[in-house]
Protein chains: 2
Amino acid sequence: MTKGQDTRIAILSVALDLASQSSLESVTIGSLAKATKMSKSGLFAHFQSKENLQIAILEFAARQFTDQVVIPSLKKKAGIPRIRALVENWIQWGSKLKGGCIFVSAGTEFSERPGKVRDFLLFQQQSWIESLKKIGKSAIRANDFREDIDCDQFAFDLYSLLMGYHYYSILLRSNESRQHQEKALDRLLNAYK
Amino acid sequence: MTKGQDTRIAILSVALDLASQSSLESVTIGSLAKATKMSKSGLFAHFQSKENLQIAILEFAARQFTDQVVIPSLKKKAGIPRIRALVENWIQWGSKLKGGCIFVSAGTEFSERPGKVRDFLLFQQQSWIESLKKIGKSAIRANDFREDIDCDQFAFDLYSLLMGYHYYSILLRSNESRQHQEKALDRLLNAYK
């Protein structure tokens, strides 16, 4: 990597932390300049506008998401072991961000704000749901799931479980969120067996 | 109701719409003055500060939530009919707000911002989860659920289902969100029978 790429990654790491703690909207070239101790003009040269900066943060997060959540699960045995790994990776990815998964918080923040940011969020969440469907299909091929299951429904069920975990752990700070998530996952996997 | 109370309710209705479409943080005495065509000084007399205004919006929403979601379900037969009514009421309540249930969006917005607003959100969500537990217990008493079920787990499962529905309908705008929610609810109720 060039020095320029290193700098960009360092800036985006700080920006993602800020966005996760507060909101995507709160990360401006000004607030990022304060947090990184860089000049506004230097940051402006990197991102040009607030919207570009917001998209750059989400693209950076999406790459981390793919690298930390999706790809490692594909190295696990197809079927239930891969699904369990995906859930575990998602929880670990969210636990590294102060406000949990950035796509959950940015999703509510931008749901009613048409534009490039919402388009990107929609695209990322649709890709995530596609991954959930595919992992369901691979569980059928691995004979861990029945052949007649509805993988779209499975994706909804698993997605819901993770959203529930997000709110129980991030907002409610419930000590039982992990235990509830594990029981819900066991029940879900059993229902599709 | 006095004229003052009427005015306050009219202001808070507009404020709740604004908060749901955008964010709680975006509703300031200034932005609300524009939206209601009232003077800033008049609004300031009602709410004194942005934080008080945010809490007044959430209290207003919480009363609507109780009146529209919780109370009507208690008039239904205890057990599965009451649970189905609660879910239906929750969906209807969210569908009246542009960004869906305000407590979902405000929950991510304020999860890392300690203070009175987060305290109120936490209190409201804990009350909601208590309602979900109670409705599970009443389903045991009505013999619709097995006696040995874990009502805390049931609350987590039902809460998760609603969160999944929220994101599928509000962010992803999936045509299948309703169908998925219904199938997930059937499976959930069957699991506890």
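Residues numbered from 1 in each chain as written. Chains lettered and ligands numbered in written order. Predicted model: local features only at pLDDT ≥ 70, side-chain atom pairs only at ≥ 80, totals over all residues.

Student: Before we go on, may I ask you to explain the overall build of chain A in this structure?
Tutor: Along the backbone of chain A there are nine helices and zero strands. For chain A, the N- to C-terminal ordering of α and β elements is α-α-α-α-α-α-α-α-α. Here the C-alpha coordinates of chain A stretch approximately 60 × 35 × 30 Å along the principal axes. Every one of the 193 residues in chain A was classed for burial, and the buried ones make up 38%. Considering only residue pairs separated by 6 or more positions, chain A has 57% of its internal contacts joining residues 24 or more positions apart. (Helix = DSSP H or I, 4+ residues; strand = E, 2+ residues; numbered from the N terminus. Buried ≥ 20, exposed ≤ 12 C-beta atoms within 10 Å, placed from the backbone. Contact = placed C-beta atoms within 7 Å.)

Student: Mind showing me how you'd approach the interface of chain B and chain A here?
Tutor: Many analyses report the size of an interface as the accessible area lost when the parts associate. Taken together, the 36 residues of chain B in the interface contact 36 residues of chain A. Mapped onto the side of chain B that touches chain A, the elements with two or more residues apiece are helix H6 (102–110), helix H7 (116–141), helix H8 (151–170) and helix H9 (177–192) of chain B. For the side of chain B that touches chain A, the element with the most residues is H8 of chain B, which contributes twelve residues. In the side of chain B that touches chain A, the residues fall into 14 nonpolar, 14 polar and eight charged. (Nonpolar A, V, L, I, M, F, W, Y, C, P; charged D, E, K, R; others polar.)

Student: Sorry if this is basic, but what is going on with the packing of helix H1 (residues 3–21) of chain A against helix H4 (residues 50–74) of chain A here?
Tutor: For any two helices packed against each other, the geometry is given by the interaxial angle and the distance between the axes. Residues and elements named next belong to chain A. Contact geometry of H1 with H4 gives a least axis separation of 9 Å together with a crossing angle of 95°. Comparing the axis directions of H1 and H4 gives the class roughly perpendicular. Facing H1, whose interface residues are Leu12, Ala15, Leu16 and Ala19, H4 presents Leu53, Ala56, Ile57, Phe60 and Ala61. Of the residues in the contact of H1 with H4, the class split is nine nonpolar, no polar and no charged. (Axes fitted to C-alpha atoms, helices over the stretch in contact; angles between N-to-C directions. Parallel < 35°, antiparallel > 145°, perpendicular 65-115°, else oblique.)

Student: What is the right way to read the nonpolar core from this model?
Tutor: The tendency in soluble globular proteins is for nonpolar side chains to be buried as a group. Among the nonpolar cores identified, the biggest contains 104 residues, and Ala15 and Ile57 of chain A together with Ala15 and Ile57 of chain B are the most heavily contacted of them. Those residues in contact with alanine 15 of chain A, other than ones at most four positions away along the chain, are Val27, Leu32, Leu53 and Ile57 of chain A. (Core = buried A, V, L, I, M, F, W, Y, C linked by C-beta atoms within 7 Å.)

Student: Mind showing me how you'd approach the environment of aspartate 67 of chain A here?
Tutor: One can find aspartate 67 of chain A in helix H4. Remark: the alpha-carbon pair of aspartate 67 of chain A and asparagine 89 of chain A, spanning 22 residues in sequence, is separated by 10.0 Å.

Student: Any chance you could explain the relation of the copies chain B and chain A here in plain terms?
Tutor: The pair of chain copies shares a relation made of a rotation about an axis and a shift along it. For these two chains of identical sequence, chain B goes onto chain A by a turn of 180° and a shift of 0.0 Å along the axis, with RMSD 0.0 Å. Expressed as an axis order, the relation between the two copies is that of a two-fold axis. The C-alpha atom lying nearest the rotation axis in chain B is that of serine 160 of chain B; the distance is 2.6 Å. Most of the interface of chain B is mirrored in chain A, where 100% of its interface residues are also at the interface. (Least-squares fit on C-alpha atoms with pLDDT ≥ 70 in both.)

Student: Help me understand H4 of chain A in this model?
Tutor: For an α-helix, the turn length of 3.6 residues means that residues three or four places apart are oriented alike. Residues and elements named next belong to chain A. Compared with an ideal rise of 1.5 Å per residue, which puts 25 residues at 36 Å, H4 spans 35 Å between its outermost C-alpha atoms and is within 8% of the ideal. Among the residues of H4, Leu53, Gln54, Ile57, Leu58, Ala61, Phe65, Val69 and Ser73 are the ones counted as buried. Where H4 is buried, its residues touch H1, helix H2 (29–36), helix H3 (40–47), helix H5 (80–95), helix H6 (102–110) and helix H7 (116–141). (Expected span 1.5 Å × (residues − 1).)

Student: Looking at this structure, how should I read unusual backbone geometry?
Tutor: The phi torsion of most residues other than glycine is negative, and most of the peptide bonds are trans. Residues and elements named next belong to chain B. A positive phi angle, close to 60°, is found at lysine 37, a residue other than glycine. Position of lysine 37 relative to the elements: it lies in the loop between helix H2 (29–36) and helix H3 (40–47). Backbone geometry places glutamine 48, a non-glycine residue, at a positive phi of 65°. With respect to the helices and strands, the residue glutamine 48 is situated in the loop between H3 and helix H4 (50–74).

Student: Whenever I open this one, the confidence of the model for chain A confuses me. Can you help?
Tutor: Low pLDDT marks regions whose predicted coordinates should not be analysed in detail. Looking at chain A, the pLDDT average stands at 95 and 99% of residues meet or exceed 70. As a predicted assembly, this complex carries a pTM of 0.96 together with an ipTM value of 0.95. (pLDDT = per-residue confidence, 0-100.)

Student: I keep staring at the packing of helix H8 (residues 151–170) of chain A against H9 of chain B and nothing clicks. Help me out?
Tutor: One way to put it is that H8 of chain A packs onto H9 of chain B with a least axis distance of 10 Å and a crossing angle of 75°. Judged by the inter-axis angle, H8 of chain A sits roughly perpendicular to H9 of chain B. Between H8 of chain A and H9 of chain B, the contacting residues are Gln153, Phe156, Asp157 and Ser160 of chain A on the first element and His180, Lys183 and Ala184 of chain B on the second. Split by residue class, the contact of H8 of chain A with H9 of chain B holds two nonpolar, three polar and two charged.

Student: Can you walk me through the environment of alanine 139 of chain B in this structure?
Tutor: All names here are of chain B. As for its placement among the helices and strands, alanine 139 is situated in helix H7. Residue classification places alanine 139 among the buried residues on the basis of 24 C-beta atoms within 10 Å. As for alanine 139 and isoleucine 83, which are separated by 56 residues in sequence, their C-alpha atoms are 8.2 Å apart. Other than its neighbours up to four places away in sequence, alanine 139 contacts Ala78, Gly79, Ile80, Ile83, Asp144 and Phe145.

Student: Sorry, what's going on with the environment of phenylalanine 65 of chain A here?
Tutor: Residues and elements named next belong to chain A. Within the fold, phenylalanine 65 resides in helix H4. Residue classification places phenylalanine 65 among the buried residues on the basis of 23 C-beta atoms within 10 Å. Spatially, the C-alpha atom of phenylalanine 65 lies 22 Å from that of alanine 139, the residues being 74 residues apart in sequence. Contacts of phenylalanine 65, omitting those with residues within four sequence positions, involve Val70 and Trp93.

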